[in-house]
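# Coordinate inspection notes
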Amino acid sequence: MSRERIVRFALRSYPQEIRASKGTEMLGTLLDSSGQSNAAFARELVDLARRGLSARATSTAQVGARRLIADGLCWGGIALIAELLCVRVANYITFGQSSAEPGGWVWEIALLAAGLVLALVGYDRIAGICALSFLAVVIGASRQAFDGGSLLLPDLIVGVVCFAPMLIAPRRRTHDMRQLAWLFAIAALGAAFYWPRPIDGLVALYILPLSVALPFALALLPTDPRLAIAWSLVAAFVGMGALAQAVQQGRLTLALPLTVIALTAAPFALAITVTRTRSLTRRDSA
Amino acid sequence: MAVEFRTPSYFALAALIDGPLHGYGIVRRAGELSGGTVRLSTGTLYALLERAIKEGLVVAGEPYVQGGRERRDYTLTPDGRGALQAESMRLSEAARTVSTRLRATSRAAVA
């Protein structure tokens, strides 16, 4: 890989607007400054990436802690809709058709599918209405099974906490049909949940995405905490489900520490967001 | 205007006293002026230029191509010159105070 390509890659640490206005100029300056020395080039590159991340963090913080938290909640809402849809579709194929009220399943799936598609394209408000309607349908049907376990009030609270911001404080983004490509990844997860047995799919549906997203969310936390907020909410939701199952099976001692960790992730991510945003905003205006 | 500069910012702005320079020009000139003690990296240079532009100490010119590289000249504004002058006076005042104290205490120690 040529030096120019490496620098262009490192420049990606900067926010888009800085990259567009100064990127090419910075590239030229860096290549001239480092000359033929590999050590100087490496030193320049590390500093460039560090400064780029710092600029990105400052630029992200400028939107304010409230907006960042609202965005994180919306992302969490989308992840939750995707997760609920996967489980609902798999459960419908396994049990729904033979159940007493297959029509109820279809309604729930339709609401979640519409919510997911709309949220991916960028219609957060309508997606939020679909997701909240789904919760209302579930409560209205008084169905005992919610996400494969008992209907827990805390589960419902996490759902409302994620879906309500989609309606009240939707993300400020342009509509983009290309985001529908995420449906392939979600469909793959749904298929993994269903096949070969639903219980094996739990690994694919919960543990795999959460463990892949966790390091990424932690790495992004200082510059953009939105993924960490979304991750922590899904973790809280999963933690609630795990706790419910553990209570049913009498294995509370094993599940309790994991649930506590899952539940403390959200306040931790929110606290980091607020303190980091404040400190960056103060530093920028100083 | 009472602005305290860090050493890299001080020499980066000082590099523009003699006239407009592009990014790499500032890096070289700052190195010369500081006797090689300040080595501005590209990331640091553009971060401090961004800040100086925001504070009205420097203005950026239009981009142009020179030797296959995109360049842009940066010019010190009257406010920037004033801030630099105030900082150099502050530094020389501080240096004079410390030198006076050092001389006084060394005389006392010898006596």
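Residues numbered from 1 in each chain as written. Chains lettered and ligands numbered in written order. Predicted model: local features only at pLDDT ≥ 70, side-chain atom pairs only at ≥ 80, totals over all residues. Heavy atoms only, no water.

Turning next to the overall build of chain A. Within chain A one finds 11 helices and two strands. Along the chain direction, N to C, the helices and strands of chain A fall in the order α-α-α-α-α-α-β-β-α-α-α-α-α. Sorting the 286 residues of chain A into buried and exposed places 44% on the buried side. Here chain A displays about 14,600 Å² of accessible surface, and carbon together with sulfur accounts for 69% of that area. (Helix = DSSP H or I, 4+ residues; strand = E, 2+ residues; numbered from the N terminus. Buried < 20%, exposed > 50% of the residue type's maximum accessible area, 1.4 Å probe, protein only. Areas by Shrake-Rupley, 256 points an atom, 1.4 Å probe, with all protein chains shown as cover.)

With that settled, consider the packing of aromatic side chains. Under the definition given, this model contains one aromatic pair over all chains. Sitting over the face of the ring of Phe 41 of chain A, Arg 3 of chain A holds its NZ or CZ atom 4.4 Å from the ring centroid. (Phe/Tyr/Trp six-rings, centres within 6.5 Å; stacked < 30°, edge-to-face > 60°. Lys NZ or Arg CZ within 6 Å of the ring centre and 35° of its normal.)

By the bridge criterion, seven bridges tie strand β1 (residues 58-66) of chain B to strand β2 (residues 69-76) of chain B in an arrangement that is antiparallel. When the bridges of β2 of chain B are listed, Val 59 of chain B appears paired with Thr 75 of chain B. (Pairing = 2+ DSSP bridges.)

Okay, the interface of chain B and chain A next. Chain B puts 21 residues into the contact, and the matching count from chain A is 20 residues. Applying the counting rule to chain B against chain A returns four salt bridges. Across the salt bridge formed by Arg 69 of chain B and Asp 32 of chain A, the nearest N and O atoms sit 3.1 Å from each other. Put simply, the parts of the chain that give the side of chain B that touches chain A at least two residues each are α2 (23-33), α3 (42-54) and β2 of chain B. If one sorts the elements of the side of chain B that touches chain A by residue count, α3 of chain B sits on top with 10 residues. Looking at the side of chain B that touches chain A, its residues break down into eight nonpolar, five polar and eight charged. (Contact = heavy atoms within 4.5 Å. Salt bridge = Lys/Arg side-chain N within 4 Å of Asp/Glu carboxyl O. Nonpolar A, V, L, I, M, F, W, Y, C, P; charged D, E, K, R; others polar.)

The subject of this paragraph is the domain arrangement of chain A. All names here are of chain A. The domains assigned to chain A are domain 1 (3-61) and domain 2 (65-283). The interface of domain 1 with domain 2 comprises seven residues on the first partner and 10 residues on the second. Taking both partners together, domain 1 and domain 2 bury about 590 Å²; carbon and sulfur atoms supply 64% of that area. There are zero salt bridges connecting domain 1 and domain 2. (Domains from an automatic or database assignment. Buried area = accessible area lost by both parts, 1.4 Å probe.)

Regarding α2 of chain B, the residues found buried are Gly 23, Gly 25, Ile 26, Val 27, Ala 30 and Gly 31 of chain B. Residues of α2 of chain B that are buried in the fold lie against α2 (16-34) of chain A together with α1 (7-14), α3 and β2 of chain B. Two residues or fewer after α2 of chain B comes Gly 35 of chain B, characterised by a positive phi angle close to 65°.

Here we take up the confidence of the model for chain B. The predicted coordinates ought not to be read in detail in places where the model reports low pLDDT. A residue-level look at chain B finds 95% of positions with pLDDT of 70 or above and a mean pLDDT of 90. Within chain B, helix α4 (residues 78-110) of chain B has the poorest average pLDDT of any element, 89, and α2 of chain B the best, 94. (pLDDT = per-residue confidence, 0-100.)

Here we come to α1 of chain B. Taking burial as the measure, the eight residues of α1 of chain B include six buried ones, the bulk of the element. Every buried residue belonging to α1 of chain B is among Ser 9, Tyr 10, Phe 11, Ala 12, Leu 13 and Ala 14 of chain B, and all of these are buried.

Membership of the largest hydrophobic core comes to 38 residues, with the highest contact counts inside it found for Leu 80, Ile 81, Leu 84, Leu 116, Phe 134, Phe 163 and Met 166 of chain A. Listed by contribution, the elements that provide at least two residues to this core are α4 (65-94), α5 (102-121), α6 (124-140), α7 (153-168), α10 (226-249) and α11 (252-285) of chain A. Once you skip the residues sitting within four places of it in the chain, Leu 116 of chain A turns out to touch Ile 78, Ile 81, Ala 82, Leu 85, Leu 183 and Ile 186 of chain A. Membership of the second largest hydrophobic core comes to 36 residues, among which are Tyr 14 of chain A together with Tyr 10, Ala 14 and Leu 49 of chain B. (Core = buried A, V, L, I, M, F, W, Y, C linked by side-chain atoms within 4.5 Å.)

A separate point is the packing of helix α1 (residues 3-10) of chain A against α2 of chain A. All names here are of chain A. As a packed pair, α1 and α2 sit with axes 10 Å apart at the nearest point and diverge in direction by 125°. Classified by the angle their axes make, α1 and α2 are oblique. Crossing of α1 against α2: the hand is right-handed. Residue-level inspection shows Arg 3, Glu 4, Val 7 and Arg 8 of α1 in contact with α2, the latter providing Leu 27, Leu 30, Leu 31 and Ser 34. Here the contact of α1 with α2 is composed, by residue class, of four nonpolar, one polar and three charged. (Axes fitted to C-alpha atoms, helices over the stretch in contact; angles between N-to-C directions. Parallel < 35°, antiparallel > 145°, perpendicular 65-115°, else oblique. Left-handed = near helix turned anticlockwise from the far one by under 90°.)

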